[in-house]
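Given next are the chains, with one letter for each unit.
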Amino acid sequence: MQKNLVIVESPAKAKTIEGYLGKDFIVKSSFGHVRDLPSKDISIDIENDFKPKYVVPKDKKKLVDELRKIADKAETIWLATDEDREGEAISWHLMEALELSEDKVKRIVFHEITKTAILKAIETPRKVDINLVNAQQARRVLDRLVGYEMSPILWRKVKPSLSAGRVQSVAVRIIAEREQEIRSFTPKASFRVIGYFVNNEGKKIKAELDRKFDKWELADELLKKTVDSKFDVSSVESKPAKKSPVAPFTTSTLQQEASRKLGYSVAQTMTLAQKLYESGKITYMRTDSVNLSDLAMNEAENVITKSYGAEYAKRRKYTTKSKGAQEAHEAIRPVDLSEKDVNIDDGRTARLYDLIWKRTIASQMADAQLERTTLKISGNNIERVFVAKGEVIKFDGFLHVYLEGKDDAEEENEGRLPDLKVGDAMNADEINAIERFSHHPPRYTEASLVKKMEELGIGRPSTYAPTISTIQKRGYIEKKSTEGRKQKYRFGSMKDHSTSWIDKEENTGAEKNKLFPTDIGVVVNDFLVEHFKRILDYNFTADVEKQFDEIAEGEKVWFKMLNEFYKPFHADVENTMENSEKATGQRNLGIDPKTQKPILARIGRYGPMIQIGESTDEEKPKFASLREGQTIQDITLEEAIKLFDLPRVLGTFEDKDVIAAIGRFGPYVKVKSTFVSIKKDSELTPEEITLEQAMELYRNKLEEDKKKLISEFEEDATLKVLNGRYGPFIKFGKKNIRIPKGQEAEKLTYEDCVKIIKAAPEPKRKKK
DNA sequence: CAGTGAGCGAGCTTCCGCTTGACTT
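Here is a short report on the structure shown in this document. Just so it is clear, the structure is predicted and the values come from calculations on it, not from any experiment. (Residues numbered from 1 in each chain as written. Chains lettered and ligands numbered in written order. Predicted model: local features only at pLDDT ≥ 70, side-chain atom pairs only at ≥ 80, totals over all residues. Heavy atoms only, no water.)

Surrounding DNA strand B, one finds 63 residues, the nearest of these being Ser-10, His-33, Ser-161, Tyr-284 and Tyr-606. Within the contact set of DNA strand B, a base oxygen lies 2.7 Å away from a backbone nitrogen or oxygen of His-33. Counting residues per element, the ones that place at least two in the surface near DNA strand B are helix 5 (130-157), helix 9 (266-278), strand 19 (607-612), strand 20 (622-625), strand 23 (666-671), strand 24 (674-677) and strand 28 (735-738). In terms of residues, the surface near DNA strand B owes the most to one element, helix 5, which gives 9 residues. Counted by class, the surface near DNA strand B contains 19 nonpolar, 22 polar and 22 charged residues. (Near = heavy atom within 4 Å. Polar contact = N/O pair within 3.5 Å; in protein donor to acceptor, adjacent residues only side chain to side chain. Helix = DSSP H or I, 4+ residues; strand = E, 2+ residues; numbered from the N terminus. Nonpolar A, V, L, I, M, F, W, Y, C, P; charged D, E, K, R; others polar.)

Written as structure tokens, this is what we have:
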């Protein structure tokens, strides 16, 4: 048995480190936190200095037992968890859970996984920093209090199963408020004037007037003046400029760039990066640091010098700008920078690696040297000038490898401008005045939301992706694409000494994979902002982070800080629970022409819906859920009334009604007790489908089901062996049970199946 | 929860941050 046990957080890290240390060392992983507050209740003794009740979660028990056994036999236990608040807490929890005595424990830290860094760490051990641990406890307890006291208010006042929290609720607010801005935005029209000029030698140049007109009359006036204006080049100015590379990737910038350049979702990027990490191709992918190890910088210099020449190399150290960065790791970079391509079958993973390689290499390369030229053309009877801007690359530097993508379209820059001199006479081939409209602020993408969250200091590299998926799962926001709309605009032209105006049309405003708030998101956000201003404040996290830092410095007692926070917060909780109205987002659409009853749009037990009549009426009100794409804010009376056309009875089959409707999973027909989906591409709709068409869908479905059937049994009609997406399985009532390895599905007898069912573990509850 | 939305009332839902497999019909 080894004398030394080293515990790190990640198993991949453990494997690497084990190679660096001698055989006296065994390196194990804690797989993250080993203790936490149980999820069933709040588990904090508020009266007693906010004492948390920690437990070892079920799925960690085996691991903790194993670690304890090894620790008992070891002479020294080296706690090598990350050097940040959470890492320090993991070390402390390990001491508690493994019952380690302080004299056997040494706490070590390193920011990069290199042999020198680790050996140096071993030489300079310290003790677990209890102040830092307490800062983490304060963070943990505050989040639990906020989440577990606010969420039940939503269950009561809005809808069951909703959630609220320090991070997710602010993320939803960002999306909801952007949508509000967009709604109240009115586009402003203005006219851009663009001239196409040519000199005697036939050299052509495009230049834009240095002002825009907000009135048509002014644009028209200018165009008319250009009819007999004489133009010449009035100035040419060139000056050198440079561009510098951006820092290596952090989690957040990797997510943004993979979204812009490769179109990956935030979650996708993380899954692929995890694969690269586990196969030893890249460094740790959840990091807020832009730092590169000296080893990596040396290697980058070598690779660049060899591949592109020494003039392309430039060592650079970057410093992080993001709020609350804890920098426990390196930036995300290839482990071996000389490996330009990675040999992986999956193209998506390979493309992500390529991006990381280029970004890392470019970050250690020379500036690009440019020459920017501004050329002005004046007309003899025009006060304004036409301007052309050009850019020439003198030395490409880092641009040879990589250029960061942009979220919003930039002003276009021409390449090299034609060689023209001051005084050159120019002829106006054509001058156009084009009506343009200002754009509303863009909706967020997943990645730009992460960027915003990072700026506000809410969330951490390990939680960006899960948070975005949580607020989608709760139905607060959704990812959608909009088609855009037709936009008419005026187009004026001066050509051959006369001017003319025509109307043109373009498609504008189309957006792909943007985040929209749902009705529930809007209602919940309004409710929380009204009743919990402090928590929903964009600066709340930054404020409490400052106090966590004070706790970490030993300047503040953690439970006193919590007490100051909790008193007013809990008062708000009680007050809101008792005194606030139910939040339904109710909108009165008008009167139903048929029944003369009011029609309301609001949020109900199961989401947004339309209600005809009041619940106090003698006759029960009628209800219908909103369809996809409809919102309480936008739905019209006509659209609302149409929702009550379904479900439709198409006719009968074997004495049972055949029904067409739209349900949770889209349009369907129901024949006897079988539901058949109406597929999107079938051109059938539940409003128009006939009995014959429905019966055909039904017969097709029965055919399909037959193909899936491997065997069924006389003994029990509810038990079947079927072929599914993941291979054969046993269906028993509503339960699906996998067939143990080594057994052939075709040969299973009824008795075999019963045996397998009995041996099968209880299915875990699915989280919805 | 593929049909619901009042009422009866119990029992359930929920946070953030650290880590991977297990699991999916």
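On to the sheet that holds strand 24, then. Across the sheet, 4 strands lie side by side as 21-22-23-24; this open sheet has antiparallel pairing. Two strands bound the open sheet, and with one partner strand each, they are strand 21 (648-653) and strand 24. Each neighbouring strand pair of the sheet contributes to a mean axis angle of 25°, computed without reference to strand direction. Inspection of the sheet shows strand 22 (residues 656-663) paired to strand 23 by 5 bridges, in the antiparallel sense. Pairing of Ala-660 across the sheet is with Val-669, part of strand 23. (Pairing = 2+ DSSP bridges. Axes fitted to C-alpha atoms, helices over the stretch in contact; angles between N-to-C directions.)

Another aspect to go through is the sheet that holds strand 1 (residues 4-8). Strand order in the open sheet formed by 4 strands is 2-1-5-6, with parallel pairing between adjacent strands. In this open sheet, the two edge strands, each paired with only one partner strand, are strand 2 (25-29) and strand 6 (105-107). Across the sheet, the mean angle from the axis of one strand to that of its neighbour is 25°, orientation sign disregarded. As paired elements, strand 1 and strand 5 (residues 76-79) share 4 bridges and run parallel to each other. Opposite Ile-7, over in strand 5, you have Leu-79 as the bridge partner. Packing of helix 1 (residues 11-20) onto the sheet brings it into contact with strand 1 and strand 2, and relative to strand 2 it is tilted by some 170°. On the sheet, helix 3 (residues 85-97) packs against strand 1, strand 5 and strand 6 and is oriented at approximately 175° with respect to strand 6. (Contact = heavy atoms within 4.5 Å.)

The topology assignment puts Asn-736 in strand 28. Distance in space between the C-alpha atoms of Asn-736 and Glu-714 is 19 Å, their sequence separation being 22 residues. The residues contacting Asn-736, other than those within four sequence positions of it, are Phe-729, Ile-730 and Lys-731.

A separate point is empty space enclosed by the protein. This structure, assessed with the given rule, holds 2 cavities of 30 Å³ or more. The calculated volume of the largest cavity comes to roughly 50 Å³. Here the lining of the largest cavity is composed, by residue class, of 5 nonpolar, 4 polar and no charged. Approximately 30 Å³ is the volume attributed to the second largest cavity. (1 Å grid on protein atoms, 1.4 Å probe; cavity = no way out; pocket = protein on both sides within 12 Å on 5 of 7 lines; lining within 4 Å. Points joined across faces, edges and corners; volume = space filled by probe spheres on them.)

Here the focus is the packing of aromatic side chains. Aromatic rings in a pair are described by how distant their centres are and how their planes are angled relative to each other. This structure, assessed with the given rule, holds 19 aromatic pairs. Summarising the aromatic geometry, the rings of Phe-197 and Phe-231 are spaced 5.1 Å apart at their centres and angled 65° between planes, so their arrangement reads as edge-to-face. You can see Phe-197 sitting in strand 7 (residues 189-198) and its partner Phe-231 sitting in strand 9 (residues 231-243), a full 34 residues away along the chain. An identical accessibility class is assigned to Phe-197 and Phe-231; each is buried. (Phe/Tyr/Trp six-rings, centres within 6.5 Å; stacked < 30°, edge-to-face > 60°. Buried < 20%, exposed > 50% of the residue type's maximum accessible area, 1.4 Å probe, protein only.)

Here we come to the pairing of strand 8 (residues 204-209). Examined bridge by bridge, strand 7 and strand 8 share 5 bridges and lie antiparallel to one another. Within the sheet, the bridge partner assigned to Gly-195 lies in strand 8 and is Ala-207. Linking strand 7 to strand 8, which pair antiparallel, is a turn of 5 residues; within it Gly-202 sits at a positive phi near 85°. Of the strand pairs in this sheet, strand 8 and strand 11 (residues 385-395) are connected by 2 bridges, and their pairing is antiparallel. Note on strand 11: the bridge partner recorded for Glu-208 is Val-387.

Considering the arrangement of structural elements, one finds Asn-513 in strand 16 (residues 511-517). Asn-513 sits in the partly exposed class, given a relative accessible area of 41%. A C-alpha to C-alpha distance of 49 Å links Asn-513 and Val-422, two positions 91 residues apart in sequence. Discounting chain neighbours no more than four positions away, the residues touching Asn-513 are Thr-445, Lys-479, Lys-480 and Ser-481.

Bringing helix 1 into the picture now. For helix 1, the full list of buried residues reads Lys-13, Ala-14 and Ile-17. Here the buried residues of helix 1 occupy an arc of 100° about the axis, which is enough to place them on one side. Those residues of helix 1 that are exposed and aimed more than 90 degrees away from the buried face are Lys-15 and Gly-19. Buried residues along helix 1 sit in contact with strand 1, strand 2, helix 4 (115-123) and helix 9. (Arc of directions from axis to C-beta.)

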